Amino acid sequence: MPSVEVLLTRLDPGVPVPSYARPGDAGADLVTTSDVTIAPGERATVGTGVAIALPGGYAAFVHPRSGLAARVGLSVVNTPGTIDSGYRGEIRICLINHDLREPVELRRGDRVAQLVVQRVEHAVFREVDELDDSPRGSGGYGSTGGHAVLTGSRTAVEE
């Protein structure tokens, strides 16, 4: 797997630097620097104790951890959170508890999200009078189907 050097400053020496749980993983785990309880439906912003300097042409994206999302409903509000190459502050994560009944208890050092570093292109936008046609055209949300509720069809169980 190709790699890129990302400079990192540990703002909180008591927490680990981001690391990959297994070889080949796309996301490096980020931890929280604080104990926090997030009530059902509520949000909390937590620090990770690290700041990074990405090279030009790269961005980092903060994604939820799938196990926490599935087991307790914890997610990242602005998924994925974007970290631009010019940002030098602490990586902070706005978490949300999607569970309707149970609070989420986080402790300092808990892995709460993952950081994916990717090469990005800088687009040059050119205005034109009309766009060329495509098979999809202007079909938006749900236009490709794939689920009964999107196509308006009903199953035998619903009838």
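Our subject is the structure listed above.
Below you will find a few notes about this structure. (Residues numbered from 1 in each chain as written. Predicted model: local features only at pLDDT ≥ 70, side-chain atom pairs only at ≥ 80, totals over all residues. Heavy atoms only, no water.)

Our next topic: the overall build of the chain. For the chain, the count of helices and strands is two helices and 10 strands. Starting at the N terminus and walking to the C terminus, you meet the elements of the chain as β-β-β-β-β-α-β-β-β-β-β-α. Radius of gyration (C-alpha) of the chain: 20 Å, far over the 15 Å computed for a compact globule of 159 residues. Overall, the chain is about 55 × 45 × 30 Å in size when its C-alpha atoms are taken along their principal axes. In the chain, which comprises 159 residues, the share counted as buried stands at 28%. Partitioning the contacts of the chain with sequence separation of at least 6, the portion at a separation of at least 24 is 71%. As displayed, the chain has an accessible area near 11,000 Å², and 50% of this comes from carbon and sulfur atoms. Charge separation in the chain, taken as the distance between the mean sites of 15 positive and 20 negative side-chain charges, equals 8 Å. (Helix = DSSP H or I, 4+ residues; strand = E, 2+ residues; numbered from the N terminus. Rg over C-alpha atoms; globule rule 2.2 N^0.38 Å. Buried < 20%, exposed > 50% of the residue type's maximum accessible area, 1.4 Å probe, protein only. Contact = heavy atoms within 4.5 Å. Areas by Shrake-Rupley, 256 points an atom, 1.4 Å probe, with all protein chains shown as cover. Lys, Arg positive; Asp, Glu negative; His and termini not counted. Charge placed at Lys NZ, Arg CZ, Asp CG, Glu CD.)

With respect to the helices and strands, the residue T32 is situated in the loop between strand 2 (28-31) and strand 3 (36-38). Residue classification places T32 among the buried positions, given a relative accessible area of 0%. Each residue touching T32, except ones within four places of it in the same chain, is listed here: V15, V46, G47, L106, R107, R108, G109, D110 and V112.

Checked against the element boundaries, V50 lands in strand 4 (residues 43-53). Assessed through its relative accessible area of 1%, V50 is described here as buried. As a C-alpha pair, V50 and E90 span 40 residues in sequence and 5.4 Å in three-dimensional space. Discounting residues that sit within four places of it in the chain, V50 has contacts with L8, T9, R10, L11, P18, L30, G89, E90 and I91.

Turning our attention to the side chain of N97. Examined against the element boundaries, N97 turns out to sit in strand 8 (residues 90-97). For N97, a relative accessible area of 0% corresponds to the buried category. Of note is the side chain of N97, whose polar atom sits 2.9 Å from the backbone oxygen of I38. Looking at N97, its side chain comes within polar contact range of the main-chain nitrogen of D99, at 2.8 Å. Aside from chain neighbours lying at most four places away, what touches N97 is I38, A39, P40, G41, E42, V72, G73, E102, P103 and V104. (Polar contact = N/O pair within 3.5 Å; in protein donor to acceptor, adjacent residues only side chain to side chain.)

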